[in-house]
Amino acid sequence: MSELYSVGFGVGTCNSKGDWLEVYYPQPLLRPNAEVAAAIIETLKIGNGNTALALDSAQLQPLADKLSQAGAEEQAAILRQFAGSQRPLVATVLFSDDAPQNVPEAYLKLHQLSHRLVKPHETKLDGIFGKLVNVAWTNRGAIDLEELPQRQLEARLKGEHLDVACVDKFPKMTNYVVPAGVRIAHTARVRLGAYLGEGTTIMHEGFVNFNAGTEGPGMIEGRISAGVFVGAGSDLGGGCSTMGTLSGGGNIVISVGDNCLLGANAGIGIPLGDRCTVESGLYITAGTKVALLDDAGKLVEHIKARDLAGKSDLLFRRNSVNGAVECLTNKSAVELNEALHSN
């Protein structure tokens, strides 16, 4: 019997041509057991390749019955709720963890991340930008940009207002998933595909991109770029940023270890180990020349910041007299405010 990598039963939005704009998966599955996989494959009569299959009403009850027999009662209940819906329905079945080939596959993988089924870099997202389409995200749902003017006119003629919150390939996460145990002050600043561990707080100016996020707990007042993962107990101060692979980081995977502190308006272009501190206002890139100091504060040598990538217990600061970037052992433990980490 074939094994499945992931399955999602979703309800979404198509444009007037029948092209998918977005898909909502209430409860995606990762690596379902053999009985569930068999029920899906046999009922939908699908082959061994990744596929996104439009569901019709005649398929819902037989599939729900087979899933119930296989012990997947929660998924069966979702399918029963789909019955009678006039919205486009889809079953996305992934036999392997390959790069997404269409909108339903891309959305299933983004849901995996925000549902905490996988962490950043644990599922293939290569080429996802090319598979997603720019959409007008409105108070009436997702609308194709070519169809937006007509929809705006129709709303006005009815005395209604069509509010366009943004135009983007990615929607905000909270319209699809709200993970347990998190606080998000400004929901538009967290994209679907973000991974937020329990105990994470995202303040108003905090931002989390897709395929990025936090282990939790943590206080995020800065920017977590695509591909960046922040360890447990770490805080990102107001206005700070992390350089992602989409914003100039190249093929270096940027990460922040456990119990780190990035000061306000600081930034990093190298991965940090555990218990590291970057002084407020200091931006470190891989090529930054750093004065490495010994325990007595004396110069040992000048090195590039990339040579310190991933190392723990470091304090990065700028010498206020000569402007040099310095690094020394961070002897004092970073005592993060426990109240900030309490949800």
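Residues numbered from 1 in each chain as written. Predicted model: local features only at pLDDT ≥ 70, side-chain atom pairs only at ≥ 80, totals over all residues. Heavy atoms only, no water.

## Some words on the environment of Pro-62
Then comes step 1: Tracing the chain through its elements places Pro-62 in helix α2 (residues 57-69).
Then comes step 2: A residue is classified by how much of its surface remains accessible, and Pro-62, at 39% relative accessible area, is partly exposed.
Then comes step 3: As for Pro-62 and Ala-76, which are separated by 14 residues in sequence, their C-alpha atoms are 9.7 Å apart. (Helix = DSSP H or I, 4+ residues; strand = E, 2+ residues; numbered from the N terminus. Buried < 20%, exposed > 50% of the residue type's maximum accessible area, 1.4 Å probe, protein only.)

## Comments concerning the state of the cysteines
Then comes step 1: Scanning the model with the defined rule gives zero disulfides in all.
Then comes step 2: The closest cysteine sulfur to the non-disulfide-bonded Cys-240 is located on Cys-260, 12 Å from its own sulfur.
Then comes step 3: Look at Cys-240 and you get buried, because its relative accessible area is 1%.
Then comes step 4: Cysteine Cys-327 is unpaired, with the sulfur of Cys-276 as its nearest cysteine sulfur at 7.7 Å. (Disulfide = S-S within 2.5 Å.)

## Let's talk about the pattern of salt bridges
Then comes step 1: Within the structure shown, the criterion is met by eight salt bridges.
Then comes step 2: For the salt bridge of Asp-65 with Arg-80, the shortest nitrogen-to-oxygen distance reads 3.8 Å. Remark: Arg-80 occurs in helix α3 (residues 73-82) and Asp-65 occurs in helix α2; sequence separation between them is 15 residues.
Then comes step 3: For Arg-317, the salt bridge goes to Glu-326, with nearest N and O atoms at 2.9 Å.
Then comes step 4: Judged by relative accessible area, which is 9%, Glu-326 ranks as buried.
Then comes step 5: Taken together, the shared-partner salt bridges in this structure form one network comprising Asp-65, Glu-73 and Arg-80. (Salt bridge = Lys/Arg side-chain N within 4 Å of Asp/Glu carboxyl O.)

## Let's talk about the environment of Ala-64
Then comes step 1: Along the polypeptide, Ala-64 turns up in helix α2.
Then comes step 2: The buried category is assigned to Ala-64, whose relative accessible area is 0%.
Then comes step 3: Residues Ala-64 and Ala-39, 25 residues apart in the sequence, show an inter-C-alpha distance of 9.3 Å.
Then comes step 4: With sequence-adjacent residues up to four places away left out, Ala-64 is seen in contact with Ala-76, Leu-79 and Arg-80. (Contact = heavy atoms within 4.5 Å.)

## Some points on α3
Then comes step 1: Considered for burial, the residues of α3 that qualify are Gln-75, Ala-76, Ile-78, Leu-79 and Phe-82. Relative to the axis of α3, the buried residues are bounded by an arc of 155° and lie together on one face. Structural note: α3 exposes Glu-74 and Gln-81 on the side pointing more than 90 degrees away from its buried face.
Then comes step 2: At its buried positions, α3 is contacted by β1 (6-14), β3 (29-30), α2 and β5 (89-94).
Then comes step 3: At the exit of α3 stands Gly-84, carrying a positive phi of roughly 90°. (Arc of directions from axis to C-beta.)

## Observations concerning the packing of α2 against α3
Then comes step 1: Their axes nearest at 8 Å, the elements α2 and α3 cross at an angle of 165°. Of the possible angle classes, the one that applies to α2 and α3 is roughly antiparallel. Crossing of α2 over α3 shows left-handed handedness. Counted together, Leu-60, Gln-61, Leu-63, Ala-64, Asp-65, Leu-67 and Ser-68 of α2 and Glu-73, Gln-75, Ala-76, Leu-79, Arg-80 and Phe-82 of α3 form the full contact between these two elements.
Then comes step 2: Partitioning the contact of α2 with α3 into residue classes produces seven nonpolar, three polar and three charged. (Axes fitted to C-alpha atoms, helices over the stretch in contact; angles between N-to-C directions. Parallel < 35°, antiparallel > 145°, perpendicular 65-115°, else oblique. Left-handed = near helix turned anticlockwise from the far one by under 90°. Nonpolar A, V, L, I, M, F, W, Y, C, P; charged D, E, K, R; others polar.)

## Overview of empty space enclosed by the protein
Then comes step 1: All chains considered together, the criterion is met by one cavity of 30 Å³ or more.
Then comes step 2: The wall of the largest cavity is formed by Val-7, Gly-8, Phe-9, Gln-27, Leu-29, Gln-75 and Ile-78.
Then comes step 3: If you list the elements that add at least two residues to the lining of the largest cavity, you get β1 and α3.
Then comes step 4: The greatest single-element share of the lining of the largest cavity, amounting to three residues, is contributed by β1.
Then comes step 5: Residues that form the lining of the largest cavity fall into these classes: four nonpolar, three polar and no charged. (1 Å grid on protein atoms, 1.4 Å probe; cavity = no way out; pocket = protein on both sides within 12 Å on 5 of 7 lines; lining within 4 Å. Points joined across faces, edges and corners; volume = space filled by probe spheres on them.)

## Re the confidence of the model for the chain
Then comes step 1: For the chain, the mean per-residue pLDDT works out to 92, and 93% of the residues sit at or above 70.
Then comes step 2: Between residues 332-337, whose pLDDT stays under 50, and residues either more than four places distant or in other chains, the model counts ten contacts. (pLDDT = per-residue confidence, 0-100.)

## Some remarks on the packing of aromatic side chains
Then comes step 1: Under the counting rule described, the total for this entry stands at six aromatic pairs.
Then comes step 2: Plain terms: the ring middles of Tyr-107 and Tyr-176 are 6.0 Å apart, the flat faces sit at 45° to each other, and that makes the pair tilted. With Tyr-107 in helix α4 (residues 103-114) and Tyr-176 in the loop between β8 (164-168) and β9 (183-184), this residue pair connects regions lying 69 residues apart in the sequence. For the pair shown, Tyr-107 and Tyr-176 are each scored as buried.
Then comes step 3: Where Phe-170 meets Phe-210, the ring centres are 4.5 Å apart and the plane angle is 20°; that geometry is what we call stacked. Linking Phe-170 in the loop between β8 and β9 with Phe-210 in the loop between β12 (207-208) and β13 (212-214), this pair joins segments that are 40 residues apart in sequence. (Phe/Tyr/Trp six-rings, centres within 6.5 Å; stacked < 30°, edge-to-face > 60°.)

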